[in-house]
Amino acid sequence: DYDQGLVYYFKEAFEALGGTVISEDFPEGTANFVSYVNNAKSNNAGVIFAPVSINYAQLIVEAAASQGFEGALLGSDTWDNNMVLESAQGKTVQVNITTFYQESGSEFDTGIKEWINSNEDAKTNNGGNDMVSAVTAMGYDAYFTALEAIKAAGSTAPADVLAALPGVSYEGVCGLIEFDDIGDAIRDAAYIKAA
């Protein structure tokens, strides 16, 4: 649902700016994206927007590089992962990622990096380095936002926590977290990373 929502809003905004969108879906478990990249090339696409998981993102980067795609690959915060960024290193493919977190040398970054570097399993699971991805920071903030909702509810009953969540305001490592009247997060910061 998240990815489909991003596709919907991207299409709406891109077309409002005068662009043309050609959309393709792929079945779950797809491992070869060459035909999709070639379809984009044959349609003279300037960008491929693919808000997909880390595994799919790496495969799309590989396919775009191997097929000589000259446009930009646009990924959502789901691409903000060191394995995706590293898969683009040394390749002639442009990758731009929108995300809600940028490493800044904060106390949070320092603490997470210390933990990753002191635990070989954590470092291996993090792709062999200590990069702090948005998913890590957002997971941290989600935990503490949920904790604030539990405190506000005075209960751990799911219905009580859900009812209290819209009233939560939490200043996290990714910025201020608040919710609108339909429960969507209101964000006050976003970043674009290029690889």
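Quick notes on the rules
Residues numbered from 1 in each chain as written. Predicted model: local features only at pLDDT ≥ 70, side-chain atom pairs only at ≥ 80, totals over all residues. Heavy atoms only, no water. Pairing = 2+ DSSP bridges. Helix = DSSP H or I, 4+ residues; strand = E, 2+ residues; numbered from the N terminus. Phe/Tyr/Trp six-rings, centres within 6.5 Å; stacked < 30°, edge-to-face > 60°. Buried < 20%, exposed > 50% of the residue type's maximum accessible area, 1.4 Å probe, protein only.

A. Just the pairing of strand 3 (residues 94–99), in detail. For strand 2 (residues 72–75) and strand 3, the ladder comprises 4 bridges, and the chain directions are parallel. Bridge pairing in strand 3 links A72 to Q94.

B. Region of interest: the packing of aromatic side chains. As enumerated under the stated definition, the model contains 13 aromatic pairs in all. Between F26 and F33, the ring centres sit 4.9 Å apart and the planes meet at 90°, which makes this aromatic pair edge-to-face. With relative accessibility at 25%, the residue F26 sits in the partly exposed group. When the centroid spacing of 4.9 Å and the interplanar angle of 55° are considered together, the rings of Y140 and F144 count as tilted. Here F144 and Y140 lie together in helix 7 (residues 134–153), a separation of 4 residues that amounts to about one turn. Residue classification places Y140 among the partly exposed positions, given a relative accessible area of 35%.

C. Focus on the environment of D121. For D121, the location among the structural elements is in helix 6 (residues 120–125). Under the relative-accessibility criterion, D121 is labelled exposed at 58%. Considered as a pair, D121 and Y143 are 22 residues apart in the sequence and their alpha carbons are 22 Å apart.

So, to be careful, I would describe these as geometric facts and stop short of saying anything about function.
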